[in-house]
Amino acid sequence: MEIDFFKYQGTGNDFVLIDNREGLFPKTDTNCIKYFCDRRFGIGGDGLILLENDDEVDFKMVYFNSDGAESTMCGNGGRCLVAFANYLGVIEDKAAFRAVDGLHEATIDTSGKVKLKMKDVDEVVERESHLFLDTGSPHHVQMVKNVDGLNVQQEGSKIRYGLYGQSGSNVNFVEPSDSNVFKVRTYERGVEAETLSCGTGVTAVALAMHAKGFTTEDTVLLDTPGGELRVDFETTQSGYQSIYLTGPAQQVFKGTISWKA
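Remember, predicted model here, so these are calculated numbers, not experimental data.

### A word on the overall build of the protein chain
Next up, step 1: A count of helices and strands for the protein chain gives 4 helices and 17 strands.
Next up, step 2: Counting every position in the protein chain, which comprises 261 residues, the buried fraction comes to 52%.
Next up, step 3: For the protein chain, the accessible surface area stands at approximately 11900 Å², while carbon and sulfur atoms represent 44% of it.

What follows is the structure, given as structure tokens:
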């Protein structure tokens, strides 16, 4: 089988994107997805995303981690998929799409920046050493000193498995830079490694920093190894709403790959 693919990245979080509106991609074949995401033998990516038809909105997003398993919401992946839908002519400058965590809205400007509405967050759980919240995917948020020097692979995997078991959680390490600017490094479950950025992760960090009182502003800038992302939000009595994740999304290359089950 010959499959056309597109490679996109959003602040270094990279994905294999496939137009599956005809339903031909073998999405139950875990080995195929793992192969496509493999950086040595396949295309290479933190995940694989299918753009599919939806009866009610512009399109449907189906997201797989690089381990081949279908996963929870991916913020940067969602932004890249909006840029892909624009490239395909499915949308112009606005989109409404369905993902595993519900409906999302987005806009894309002429520079390629995508502003994506995330799900409302009703609860930020505060623990002694960290915070935990679900922004479409589960996230552990922990303040550290010298985040640049941290062994994210070692410390992240320790928390991901040791604290959350097999189902796991993404783990974000955070250091403040300014009143509304934070450095973030993320260990992603499913990738089982550090990624250059994580959309649901920086969203979780922005809300957690506000909930904890480390910022009083409702616009937060997140400095990741892959670049800067912005999160805007409104507070409610119980949590946060009107949460938007904004950043670049870029097509890197496209091609055709062979797969034999």
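### Description of empty space enclosed by the protein
Next up, step 1: Taken as a whole and assessed by the stated rule, the structure comprises 2 cavities of 30 Å³ or more.
Next up, step 2: Approximately 80 Å³ is the volume found for the largest cavity.
Next up, step 3: Taken together, 13 residues form the lining of the largest cavity, with Asn-65, Met-73, Ser-137, Asn-170 and Glu-188 sitting closest to its centre.
Next up, step 4: Taken together, the residues that form the lining of the largest cavity break down as 4 nonpolar, 7 polar and 2 charged.
Next up, step 5: Of the residues forming the lining of the second largest cavity, the biggest block, 3 residues, is contributed by strand β4 (residues 59-65).
Next up, step 6: A breakdown of the residues in the lining of the second largest cavity according to their chemical character gives 6 nonpolar, 2 polar and 1 charged.

### Considering the layout of surface pockets
Next up, step 1: What the largest pocket holds in volume is close to 250 Å³.
Next up, step 2: Taken together, 14 residues make up the lining of the largest pocket; nearest its centre are Ile-3, Asp-4, Ile-18, Asp-19 and Leu-24.
Next up, step 3: Among the elements of the structure, β1 (2-10) and β2 (13-19) are those that each provide at least two residues to the lining of the largest pocket.
Next up, step 4: Counted by class, the lining of the largest pocket contains 7 nonpolar, 2 polar and 5 charged residues.
Next up, step 5: Roughly 150 Å³ of internal volume is contained in the second largest pocket.
Next up, step 6: Contributing to the lining of the second largest pocket are Val-57, Ala-96, Asp-101, Gly-102, Leu-103, His-104, Glu-105, Lys-117, Met-118, Lys-119 and Asp-120.
Next up, step 7: Among the elements that take part in the lining of the second largest pocket, strand β6 (residues 102-108) stands out by supplying 4 residues, more than any other.
Next up, step 8: Of the residues belonging to the lining of the second largest pocket, the class tally is 4 nonpolar, 2 polar and 5 charged.

### Some remarks on the environment of Thr-11
Next up, step 1: The residue Thr-11 is located in the loop between β1 and β2 in this model.
Next up, step 2: Here Thr-11 falls in the buried class, since its relative accessible area comes to 4%.
Next up, step 3: It is 23 Å that separates the C-alpha atoms of Thr-11 and Leu-103, two residues lying 92 residues apart in sequence.
Next up, step 4: The contact partners of Thr-11, leaving out residues within four places of it in the chain, are Asn-76, Arg-79, Leu-196, Ser-197, Thr-224, Gly-226, Gly-227, Glu-228, Leu-229 and Pro-248.
Next up, step 5: A polar contact is formed between the side chain of Thr-11 and the side chain of Ser-197, at a distance of 2.6 Å.

### Quick word on a negative patch on the surface
Next up, step 1: A grouping of Asp-178, Glu-217, Asp-218 and Glu-234 is seen on the molecular surface, where their side chains present a negatively charged patch.
Next up, step 2: With respect to the helices and strands, Asp-178 occurs in strand β11 (residues 170-178).

### Looking at helix α2 (residues 75-88)
Next up, step 1: Between the first and last C-alpha of α2 there are 20 Å, a value that for 14 residues agrees with the 20 Å anticipated at 1.5 Å per step.
Next up, step 2: For α2, the buried fraction is high: 11 of the 14 residues fall into the buried class.
Next up, step 3: The set of residues buried in α2 consists of Gly-75, Asn-76, Gly-77, Gly-78, Arg-79, Cys-80, Leu-81, Val-82, Ala-83, Phe-84 and Ala-85.
Next up, step 4: Gly-89 sits one or two positions beyond α2 and adopts a positive phi of about 85°.

### Description of unusual backbone geometry
Next up, step 1: Backbone geometry at Glu-192 places phi at a positive 60°, although glycine is not the residue there.
Next up, step 2: The residue Glu-192 is located in the loop between β12 (181-188) and β13 (193-195) in this model.
Next up, step 3: Despite not being glycine, Ser-242 shows a phi value in the positive range, around 45°.
Next up, step 4: By secondary structure assignment, the location of Ser-242 is in strand β16 (residues 240-248).
Next up, step 5: The class of Ser-242 is partly exposed, set by a relative accessible area of 21%.

### Section: the nonpolar core
Next up, step 1: Counting 49 residues, the largest nonpolar core has Leu-17, Phe-59, Met-61, Val-82 and Leu-222 as its most contacted members.
Next up, step 2: The dominant element in this core, judged by the number of residues it contributes, is helix α4 (residues 199-212), at 7 residues.
Next up, step 3: For Phe-59, the contacting residues outside a window of four places in its chain are Leu-51, Glu-52, Asp-54, Leu-81, Val-82, Ala-85, Val-90, Ile-91, Ala-95, Ala-96, Phe-97 and Arg-98.

Conventions we followed
- Residues numbered from 1 in each chain as written.
- Predicted model: local features only at pLDDT ≥ 70, side-chain atom pairs only at ≥ 80, totals over all residues.
- Heavy atoms only, no water.
- Helix = DSSP H or I, 4+ residues; strand = E, 2+ residues; numbered from the N terminus.
- Buried < 20%, exposed > 50% of the residue type's maximum accessible area, 1.4 Å probe, protein only.
- Areas by Shrake-Rupley, 256 points an atom, 1.4 Å probe, with all protein chains shown as cover.
- 1 Å grid on protein atoms, 1.4 Å probe; cavity = no way out; pocket = protein on both sides within 12 Å on 5 of 7 lines; lining within 4 Å.
- Points joined across faces, edges and corners; volume = space filled by probe spheres on them.
- Nonpolar A, V, L, I, M, F, W, Y, C, P; charged D, E, K, R; others polar.
- Contact = heavy atoms within 4.5 Å.
- Polar contact = N/O pair within 3.5 Å; in protein donor to acceptor, adjacent residues only side chain to side chain.
- Patch = residues over 30% accessible without salt bridge, like charges linked within 9 Å, V, L, I, M, F, W, Y side chains within 5 Å.
- Salt bridge = Lys/Arg side-chain N within 4 Å of Asp/Glu carboxyl O.
- Lys, Arg positive; Asp, Glu negative; His and termini not counted.
- Charge placed at Lys NZ, Arg CZ, Asp CG, Glu CD.
- Expected span 1.5 Å × (residues − 1).
- Core = buried A, V, L, I, M, F, W, Y, C linked by side-chain atoms within 4.5 Å.

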